[in-house]
Amino acid sequence: MKTPMKTKDKREDRFEAVIGLEVHAQLRTKSKIFCGCSTQFVSEENVHVCPVCAGLPGTLPVLNRKAVDFAIKMALAVHCQIKETSVFARKNYFYPDLTKGYQISQYDQPLAEEGWVEIQTDHQSKKIRIQRVHMEEDAGKNVHGKRGSYVNLNRAGIPLIEIVSYPDLATAGEASQFLKKLRSVLRYTGVSDGNMEEGNLRCDVNVSLRQRADMKLGIRAEVKNINSFRFVEKAIEFEIQRQAEILEGGNQVLQETRLFDANRGETFSMRSKEEAHDYRYFPEPDLISLEIEKSWIEDLRGQLPELPDEKAKRFASQYQLPQYDAALLVQEKELAEYYEEVVNTSHQFKLAKLASNWVLTELLRIVSPDKIETSPVSSKHLGELIQLITSGVISGKIAKTVFEKMMISRQSPKIIVEKEGLRQVSDEGVVIEAVEKVLKERKEEVEKYKNGNEKLFGFFVGQVMKLTEGKANPALVNQILKKKLAEKK
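Small disclaimer: the values here were computed from a predicted structure and weren't measured.

## Focus: the side chain of T29
So, step 1. Mapped onto the elements, T29 comes out in the loop between β1 (15-26) and α2 (65-77).
So, step 2. The class of T29 is buried, set by a relative accessible area of 6%.
So, step 3. Among the polar contacts listed, one links the side chain of T29 to the backbone oxygen of S31, at a separation of 2.7 Å.
So, step 4. Those residues within four positions of T29 in sequence are excluded, and the remaining contacts are T39, N64, K66, A67, F70 and P159.

Okay, here's the thing in structure tokens:
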């Protein structure tokens, strides 16, 4: 089956998609959830393993308090109700990377329930409800290569939270926005790195179609273990197309678990409903129930930082930014902090929009939002550059040249401007001399301007700027040119 086309067809009028996500996030603890093994990501196999996370007989799990703290903080950040009592359960199934033969998770008594996050779609906000947040351990990883197939248990016992949404998502774009918002909140709270490349953030996607205006849900297919925003969108788009074609043909969609082939942009069947596992959950006998006092919850609530939505509202109000700009600036905590440092350094609170433009265009051209700490241009230096623009020392055009030199040398813009002789020419006498020279050399264009071709004004500005090597003050050039050309009429 080919990758779905973007063009709208009759199916979009007849069917609507119902989408829910199950997001697994690795908690940012130093040790695993039930033992003292390190959670550090390493390429060497089976170095962070002990009898507990390897599931050897006779070993007993001990719950990591920090993992519980992190899980509660995330649940609070997405407006969930924390349960006073939650219970760990054994999820029984056989797979080579699950050495115990079961996974310790939470089932009918999860840590938290009934939350929400807000996303922006087509310039409108939409609340996506969260059904539950629960804790569990990760399994190991099956590795297949030239040396054969084996199991790497470095990830076994890594602490996870699973965030399960209600089926409130209607498009692939909404699903991607929801996942991005969760990742942003995870990183703001310090609960998780959200590094999808290292497997710190993965999600399962549930997709079904139903007739428009029909309240009854269709039969869903689950696509497992997707590890990028782009793949989430592609997998959903493919599923919508696949299921629509099945329904259009008068057939029934099978309830099944599928995987996404990133190379082909397609999903394929992993197991059908008839083969689906009965996990035979029962309470974990080696762990007592988790009792969470209100004082514990309130203490963690007080540790929550200013979250993305709150920060975006403050940016829009305090710095008079468009909502769109504010939302982009707060997508990563480090990016938001960088922006505020730029504004504070430039001392130009009334021109915070200029700082926003520079951060969102020039800065994000050279570094991604989640890698701001690697930027060759510091927030202090960018703030100084904006200060040079607003004080008239350099023009906006020269500022871009200075920025390029800052990227390479990592020097202060003040040093670069002085060393390279890039100060803006605001001496009226110098500008008059340049204007008169251009008008004298361009008599033919001057005549055309006098005869009504006023579009040539921009041409004259360009010639003056070229003559002054881009250093002339543009406002002054415009002022003097208008005066001199008016004299010639």
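## Observations concerning the layout of surface pockets
Picture a little ball the size of a water molecule; that probe, rolled over the atoms, points out where space is still empty.
So, step 1. Put simply, the second largest pocket is a space of about 1400 Å³.
So, step 2. Lining the second largest pocket are 41 residues; nearest its centre among them are K180, K181, S184, A327 and Q331.
So, step 3. Those elements that place two or more of their residues in the lining of the second largest pocket are β6 (112-121), α3 (172-189), α6 (308-318) and α7 (323-329).
So, step 4. When residues in the lining of the second largest pocket are grouped by element, the largest group, six residues, is from α3.
So, step 5. Class assignment for the residues of the lining of the second largest pocket results in ten nonpolar, 14 polar and 17 charged.

## Topic: empty space enclosed by the protein
So, step 1. Throughout the structure, instances matching the rule amount to one cavity of 30 Å³ or more.
So, step 2. Of the volumes computed, that of the largest cavity is approximately 70 Å³.
So, step 3. Every residue lining the largest cavity is counted, 13 residues in all, and those nearest its centre are C53, L98, T99, K100 and A156.
So, step 4. Considering only residue class, the lining of the largest cavity consists of six nonpolar, three polar and four charged.

## Quick notes on the pairing of strand β7 (residues 124-137)
So, step 1. Where β6 and β7 come together, nine bridges link them in antiparallel fashion. If you follow E118 over to β7, its bridge partner there is K127.
So, step 2. Connecting the antiparallel pair β6 and β7 is a turn made up of two residues, with D122 showing a positive phi of about 50 degrees.
So, step 3. In this structure, β7 lies alongside strand β10 (residues 159-165), joined through seven bridges in antiparallel fashion. Residue pairing in the sheet places V133 in a bridge with I163 of β10.

Definitions and limits used
- Residues numbered from 1 in each chain as written.
- Predicted model: local features only at pLDDT ≥ 70, side-chain atom pairs only at ≥ 80, totals over all residues.
- Heavy atoms only, no water.
- Helix = DSSP H or I, 4+ residues; strand = E, 2+ residues; numbered from the N terminus.
- Buried < 20%, exposed > 50% of the residue type's maximum accessible area, 1.4 Å probe, protein only.
- Polar contact = N/O pair within 3.5 Å; in protein donor to acceptor, adjacent residues only side chain to side chain.
- Contact = heavy atoms within 4.5 Å.
- 1 Å grid on protein atoms, 1.4 Å probe; cavity = no way out; pocket = protein on both sides within 12 Å on 5 of 7 lines; lining within 4 Å.
- Points joined across faces, edges and corners; volume = space filled by probe spheres on them.
- Nonpolar A, V, L, I, M, F, W, Y, C, P; charged D, E, K, R; others polar.
- Pairing = 2+ DSSP bridges.

In short, geometric facts, not functional conclusions.
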